Amino acid sequence: GDDGVAAQPGAELARCHTSQLAEWIGIPAVWAAGSTYYQLEFSNISSHTCTLYGYPGVSALHGRKQLGAAASRDPSHPATLVTLTPGATAHVIFHFTDVGVFSPAACSSARATAVRVYAPGAYSSRTVPLGFSACSRRGPVYLHVSTTIAGTGIPGYSS
């Protein structure tokens, strides 16, 4: 029954779960100063509004094998709670350093075929196809990811 207490709008919104999201890469990439930048998009494909907050987990894969270290957190954007209504999209800036800047012994260059993506706060992942040069050793940090940003990331225009 109705207890007469009005809930604050948005107060009970749940975190977006992996099953509610479609992850995809905004193409084309933007290249600048030895780095390649992509907009990694999170779209709400469910019929319920949900929220994202903070950093996703991202790592490079060759088949099912992780290549090198997971992405470091780029603090260039402040963390804010992003509310995704059904059909809405948020993004993060995902970039990787040209692995040629690392010594071959430290990096041991390999070809990535995809990225494993954990939405912020999620415990299950999705694999998004993407080919690029990666380090197979864990030493060099060559992947970087921003916190979640409201709105669809438009390659070359949004940051």
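Each chain has its residues counted from 1, running along the sequence as written. Only residues with pLDDT of at least 70 get local features here, since the model is predicted, and only at 80 or more are side-chain atom pairs given and counted; chain-wide, interface and lining totals rely on the full set of residues. To get the side-chain values, take all heavy atoms of the structure and skip hydrogens and water.

1. Some remarks on the side chain of Gln 20
As a reminder of what qualifies: In DSSP terms, a helix is any run of H or I states spanning at least four residues, a strand is any run of E spanning at least two, and both are numbered starting from the N terminus. Exposed residues in this analysis have more than 50% of their type's maximum accessible area, buried residues have under 20%, and partly exposed residues fall in between, with area computed by a 1.4 Å probe over protein chains only. Whether two residues are in contact is decided by their heavy atoms: any pair within 4.5 Å suffices.
Along the chain, Gln 20 turns up in the loop between strand 1 (14-15) and strand 2 (21-32). By relative accessible area, Gln 20 is classed as buried at 13%. Discounting residues that sit within four places of it in the chain, Gln 20 has contacts with Arg 15, Ser 43, Asn 44, Ile 45, Ser 46, His 48 and Cys 50.

2. Here we look at the nonpolar core
Side chains of a nonpolar character, in soluble globular proteins, are inclined to be buried together. For clarity, the threshold we go by: Side-chain atoms within 4.5 Å are what join buried Ala, Val, Leu, Ile, Met, Phe, Trp, Tyr and Cys residues into a set we call a nonpolar core.
In terms of nonpolar packing, the biggest core is built from 36 residues, with Phe 94, Phe 132 and Tyr 142 touching the most fellow members. Considering each element in turn, this core owes the most residues, five residues, to strand 11 (residues 126-135). Setting aside its immediate chain neighbours within four residues, Phe 132 contacts Ala 60, Phe 96, Ala 110, Arg 111, Ala 112, Ala 114, Val 115, Tyr 142 and Leu 143.

3. Structural notes on the state of the cysteines
Stated precisely, the cut-off is as follows: Any two cysteine sulfur atoms within 2.5 Å of one another count as a disulfide.
Tallying each qualifying case throughout the model produces two disulfides. Note on cysteine connectivity: Cys 107 is disulfide-linked to Cys 135, with sulfurs 2.1 Å apart. The chirality of the disulfide connecting Cys 107 with Cys 135 is left-handed, given an S-S dihedral of about -105°. Taken together, the positions of Cys 107 in helix 1 (residues 104-107) and Cys 135 in strand 11 put the pair 28 residues apart, joining distant regions of the chain. A relative accessible area of 2% places Cys 107 in the buried class.

4. Here's the deal with the pairing of strand 10 (residues 109-118)
For clarity, the threshold we go by: A pair of strands is considered paired only if DSSP assigns at least 2 bridges between the two.
In the sheet, strand 5 (residues 57-62) pairs with strand 10 via five bridges, with the strands oriented antiparallel. In the sheet register, Ser 59 faces strand 10, and the bridge partner there is Arg 116. Relative to strand 11, strand 10 runs antiparallel, the two sharing eight bridges. Across the sheet, Ala 112 pairs through a bridge with Phe 132, a residue of strand 11.

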